[in-house]
Amino acid sequence: MTTTRLERASAGTADFLDQRTGIGVAVKNFARKIFPDHWSFLLGEIALFSFVVLLGSGIFLTMFFVPSMTEVHYEGPWAPMHGVEMSEAFASTLRLSFEVRGGLLMRQIHHWAALLFMAAIVVHMLRVFFTGAFRKPRELNWVVGFTLLILGLAAGFTGYSLPDDVLSGNGLRITDGVVKAIPIIGSYMSYFVFGGEFPGTDIIPRLFTLHILVVPGLILALIGLHLFLVVLHKHTQFPGSGRTDGNVVGFPLFPVYTAKAGGFAFIVFGLITLMAATIQINPVWNYGPYDPSPVSAGAQPDWYMLFLEGSLRLMPGQTEYVIGGYTLSLNVLIPAVVIPGLLFTVLGAWPFLEAYATGEKREHHVLDRPRNAPTRTAAGVAIVTAFFILVLAGANDLIATHFEMSLNDITWAFRVLFFVAPVFAFWITKRICLGLQRRDRDLVLHGHESATIVRLAHGEYIEVHKPLDEHELWLRVNYSSPRPIEIEPAEDSRGVRRKGYRADRIRRRLSEFFYADRIEPVSAEELAAARAHQAEHHALLEGGGRHSAALPAEESTSTTVDVEATSDR
Amino acid sequence: MKAIAARRHHRQAPVVLLVLALLVMGGVYAAFATTSADATVVTQSDDDVEAGRKLFAANCASCHGLNAEGRQNAPSLVGVGAASVYFQVSTGRMPMQADAPQAEAKPPQFGEEATRQLAAYVASLGAGPAIPTEDQVDPAKGDPASGMALFRTNCSMCHAASGAGGALTQGKYAPSVLNTDPAAIYTAMATGPQSMPVFNDMTLTPEEKRDIIAFIDAQKEGAPGGLDLGQIGPVGEGMWAFIVGMGLLIACAVWIGAKSS
Ligand code: HEM
């Protein structure tokens with residue numbers, strides 16, 4: 001029987017999914033789920049619980065917020081605004097702050113939770129990145145998570161723009177500028193988005209729908225998928241004695257992990273409420289209602305959007321060209337679209353990039369120590385550095401006033417640093433990782449220095465080294481260190497140029513970039529030899545009537561803690 | 001804690017001094033006001049001009065010249081008016097010290113009386129804006145809502161919408177106006193120190209100036225939402241979200257993640 005193309009394609013897709021999700025055996029062992037324990041696995045939970053807070057406080061806010069740009073005159077209790085013309089959106093935000101019971105607290109809870117949500121997402125993502133938790137089979141979940149990050153940005157941006165105060169209006173003005181900078185269709189797009197000339201009267205109702213319906217709906221659905229995939233794949237674990245790609249060492253979901261997570265949820269709720277009750281955030285009554293004509297100094301977005309602001313602030317303005325009557329605003333397009341686009345694409349595609357470079361097909365459930373993946377760690381640090389510089393550039397005016405420096409000098413310094421610092425960060429991080437690996441290797445082969453020098457009977461001096469215990473050894477020996485992939489030569493045996501050679505060569509280059517610099521992990525033979533050598537010393541010392549620590553092999557091997565359980569993957 | 005306390009102390013010191021200076025000023029003024037029908041006339045007396053000349057010769061002449069005619073590195077003060085001297089001296093900018101991009105506000109070196117004497121001397125050299133009366137700068141008599149609108153169109157591009165200040169080019173900056181005393185706000189507008197434009201009575205009438213003072217005064221009515229983090233806006237909030245929020249949460253996570261054994 002011949003299979004059709006369609007059948008083969010669908011079978012391939014099914015296989016792809018099955019290999020990654022194991023749909024077939026999905027629900028099988030749910031009850032006995034074991035979760036590995038590590039504080040950094042709680043970072044995702046901070047994001048989750050902040051999102052719960054966002055939903056709750058957000059529902060409260062929708063009860064009082066009026067998403068309308070109709071102009072009204074303020075009549076409420078805040079004296080400095082008496083009779084001031086403002087949109088209903090702004091007036092209702094003031095009402096929430098000063099008239100609705102608990103309204104100000106809820107507004108502040110919502111905003112602090114949003115800042116923490118984004119902070120937790122970013123830190124969680126860094127954890128996943130630097131430990132290599134995104135490797136097969138979790139690439140899909142990385143993509144889901146990455147989409148959540150983008151949606152989080154969208155939620156933050158749409159929400160920030162709702163109160164229609166000076167800062168949110170400035171943000172929308174920038175958005176308008178970016179939309180208009182799109183070649184050819186820009187001005188039409190701007191009219192489309194704002195329902196006419198900026199600011200129009202449509203944008204706030206539109207953003208409101210996105211902010212309370214579309215974006216949170218998508219986030220909720222994707223968080224569901226995200227967590228489903230976490231349960232399905234089972235959580236990764238840090239390397240350690242007894243932990244392999246074939247098992248999960250940790251606590252059972254019930255009751256230990258549920259208790260920990262439940263307790264943590266209340267810590268997150270409590271901390272957000274505490275911050276909201278004591279620290280003012282987004283005091284729109286100080287900023288005043290938005291008015292498109294004046295521009296105010298010190299207008300900044302929330303921290304998670306600051307990289308875009310910084311990118312725009314750094315770009316020199318001269319790069320705007322008029323070609324045949326059309327304006328090409330590279331001064332806006334490059335900083336607002338190209339730069340973030342590049343950084344985010346690299347981030348989103350990273351698991352696939354890395355899989356392509358290793359050529360590996362196997363599953364990974366034991367995390368990498370960052371030092372054992374020097375190129376990844378270095379690239380991560382480089383990307384973070386680039387973002388950080390953009391964030392700082394977004395606050396260049398504050399840096400100037402608070403550190404008494406010249407705004408112009410700071411801007412120039414950041415322009416240079418944006419290109420230099422990531423490269424430097426890459427180089428130095430990689431060196432540090434390789435250095436740490438080398439030290440691990442030495443440690444495994446020689447043991448801990450004990451600072452005791454012993455003179456043997458025949459006059460030789462040796463330093464006594466304390467061998468590593470089982471756990472320390474496992475951590476330092478048990479990891480894979482891929483080599484650059486080998487490719488077939490350009491021509492086959494008959495001298496004909498091979499078809500996929502060019503693609504292979506690119507792949508080989510990428511692979512070399514990743515893995516050319518490597519420290520060989522200690523092999524079994526090397527370890528055996530080192531141990532024999534240590535045993536020799538040991539014997540000599542024993543002969544001299546001295547005692548020294550026992551070798552790991554002789555130690556008892558019960559390293560798992562009592563409460564911990566182990567299950568198969 | 002010590003460092004924080006020290007810095008806090010440092011930041012608040014000028015404010016405390018200003019408040020004290022205001023109290024002294026209030027007392028002195030009250031004394032004058034009861035003995036004389038028109039206080040402004042008293043401050044213009046020849047005695048004051050003479051005392052001012054002496055103070056000027058001792059403290060200012062090295063830069064501005066013996067007759068305030070100006071030198072190559074300091075401008076002439078003929079015609080800048082009493083308001084300019086009042087602003088420069090009461091905010092501690094003059095006498096200038098460090099060679100900075102702009103004269104820094106410092107704790108004032110002269111008391112209320114000496115400041116008025118200096119102002120009287122400079123005013124005697126040529127006509128210029130006068131020091132406003134108590135009534136002209138009384139925040140209670142202004143309309144903060146109108147002040148907000150005026151502040152936004154005239155001042156917020158440099159001083160930020162909240163009045164917390166902002167950066168200008170080449171190390172210059174527009175300082176926070178939130179802790180400035182009303183007369184200094186008025187005289188700043190009337191004389192336009194350094195990079196700040198002059199807002200004379202044609203651009204902003206005295207009533208409008210008083211509205212602006214009322215708005216700035218309303219801005220410092222305390223933060224209804226809690227600690228104001230120095231009113232620097234979203235950047236400060238973001239830093240707190242990371243340092244306090246994520247810091248504490250991660251500390252808790254580490255504590256929860258730690259094995260009990
Ligand atoms: C709405 C935002 C997010 C929420 C609520 C969330 C929640 C979680 C939770 C609770 C876990 C399990 C515990 C942990 O490992 O921390 C997890 C795991 C994971 N997350 Fe997220 N996450 C979010 C965003 C992201 C982002 C932005 C990424 C990366 C682009 C990502 C990638 C992953 C991956 C790959 C895992 C599996 C980790 C492992 O098994 O070691 N997540 N997430």
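Residues numbered from 1 in each chain as written. Chains lettered and ligands numbered in written order. Predicted model: local features only at pLDDT ≥ 70, side-chain atom pairs only at ≥ 80, totals over all residues. Heavy atoms only, no water.

Quick word on the overall build of chain B
In step 1: The number of helices and strands found in chain B is 11 helices and 2 strands.
In step 2: For chain B, the sequential pattern of α-helices and β-strands runs α-α-α-α-α-α-α-α-β-β-α-α-α.
In step 3: Among the 261 residues that make up chain B, the fraction classed as buried is 42%.
In step 4: With the model as given, the accessible surface of chain B reaches about 13,100 Å², and the carbon-plus-sulfur share is 62%. (Helix = DSSP H or I, 4+ residues; strand = E, 2+ residues; numbered from the N terminus. Buried < 20%, exposed > 50% of the residue type's maximum accessible area, 1.4 Å probe, protein only. Areas by Shrake-Rupley, 256 points an atom, 1.4 Å probe, with all protein chains shown as cover.)

Here we look at the site of the ligand
All names here are of chain A.
In step 1: By nearness alone, 24 residues border the ligand, and H124, R127, H226, H235 and T236 come closest of all.
In step 2: If you list the elements that add at least two residues to the shell around the ligand, you get α2 (43-62), α4 (103-130), α5 (139-160) and α8 (203-233).
In step 3: Broken down by element, the shell around the ligand gets its largest block of residues, 6 residues, from α4.
In step 4: In the shell around the ligand, the residues fall into 15 nonpolar, 6 polar and 3 charged. (Near = heavy atom within 4 Å. Nonpolar A, V, L, I, M, F, W, Y, C, P; charged D, E, K, R; others polar.)

A few points about unusual backbone geometry
In step 1: Following K136 of chain A, the chain continues to P137 of chain A via a peptide bond in cis, the omega torsion being 10 degrees.
In step 2: By the secondary structure assignment, P137 of chain A is in the loop between α4 and α5.
In step 3: The residue after M94 of chain B, namely P95 of chain B, is reached through a cis peptide bond having omega -5 degrees.
In step 4: Its identity as a non-glycine residue notwithstanding, E404 of chain A has a phi of 50 degrees, on the positive side.

Re the coordination of the iron atom of the ligand
All names here are of chain A.
In step 1: Protein coordination of the iron atom of the ligand is provided by H124 (NE2) and H226 (NE2), with donor distances spanning 1.9 to 2.1 Å.
In step 2: The site at the iron atom of the ligand holds 6 donor atoms, and with the angles between them running 85 to 179 degrees, its shape is octahedral. Residue H124 is located in helix α4, and its partner H226 is located in helix α8; the two are separated by 102 residues in the primary sequence.
In step 3: Judged by relative accessible area, which is 16%, H226 ranks as buried. (Donors = N, O, S within 2.8 Å, 3.2 Å for Na, K, Ca; no water. Tetrahedral: all angles 85-135°; square planar, octahedral: opposite > 155°, others 65-115°.)

A few points about the nonpolar core
In step 1: Ranked by size, the top nonpolar core spans 91 residues in total, and within it W112, M118, I219 and F264 of chain A carry the most contacts.
In step 2: Tallying contributions element by element places α4 of chain A first for this core, with 16 residues.
In step 3: Beyond its immediate stretch of four places on either side in the chain, I219 of chain A contacts F51, L148, L151, G152 and A155 of chain A.
In step 4: Of all hydrophobic cores here, the second largest spans 27 residues; its members include A145, M189, F215 and I216 of chain B. (Core = buried A, V, L, I, M, F, W, Y, C linked by side-chain atoms within 4.5 Å. Contact = heavy atoms within 4.5 Å.)

Some details on the sheet that holds strand β1 (residues 34-35) of chain A
Residue and element names in this part refer to chain A.
In step 1: With antiparallel pairing, the 3 strands of this open sheet are ordered in space as β1-β4-β9. Of all strands in the sheet, those bounded by a partner on one side alone are β1 and β9 (565-568).
In step 2: Relative to strand β4 (residues 247-252), β1 runs antiparallel, the two being bridged by 2 bridges. Residue F35 lies in a different strand from β4, and its bridge partner there is F251. (Pairing = 2+ DSSP bridges.)

Re the interface of chain A and chain B
In step 1: The partner chain B presents 52 residues to the 65 residues of chain A that form the contact.
In step 2: Between chain A and chain B, a total of about 4,700 Å² is buried, with carbon and sulfur atoms accounting for 71% of that surface.
In step 3: Considering only the side of chain A, the residues that lose the most area to chain B are P80, Q280 and N286 of chain A, jointly responsible for 13% of the buried surface there.
In step 4: Joining chain A to chain B, the criterion identifies 11 residue pairs in polar contact (both at pLDDT 80 or more).
In step 5: Here the side of chain A that touches chain B is built from residues that sort into 46 nonpolar, 13 polar and 6 charged. (Buried area = accessible area lost by both parts, 1.4 Å probe. Polar contact = N/O pair within 3.5 Å; in protein donor to acceptor, adjacent residues only side chain to side chain.)

Considering the domain arrangement of chain A
Residues and elements named next belong to chain A.
In step 1: Taken domain by domain, chain A comprises domain 1 (33-368) and domain 2 (431-489 + 499-555).
In step 2: Summarising the inter-unit geometry, the C-alpha centres of domain 1 and domain 2 are found 45 Å apart.
In step 3: Roughly 1,300 Å² is buried in total at the junction of domain 1 and domain 2, and carbon and sulfur atoms are behind 64% of that figure.
In step 4: When the buried surface of domain 1 facing domain 2 is broken down by residue, S241, Y356 and A357 rank first, second and third, together holding 41% of it.
In step 5: Counting across the domain 1 and domain 2 interface gives 0 salt bridges.
In step 6: Here the residues of the side of domain 1 that touches domain 2 sort into 6 nonpolar, 6 polar and 4 charged. (Domains from an automatic or database assignment. Salt bridge = Lys/Arg side-chain N within 4 Å of Asp/Glu carboxyl O.)

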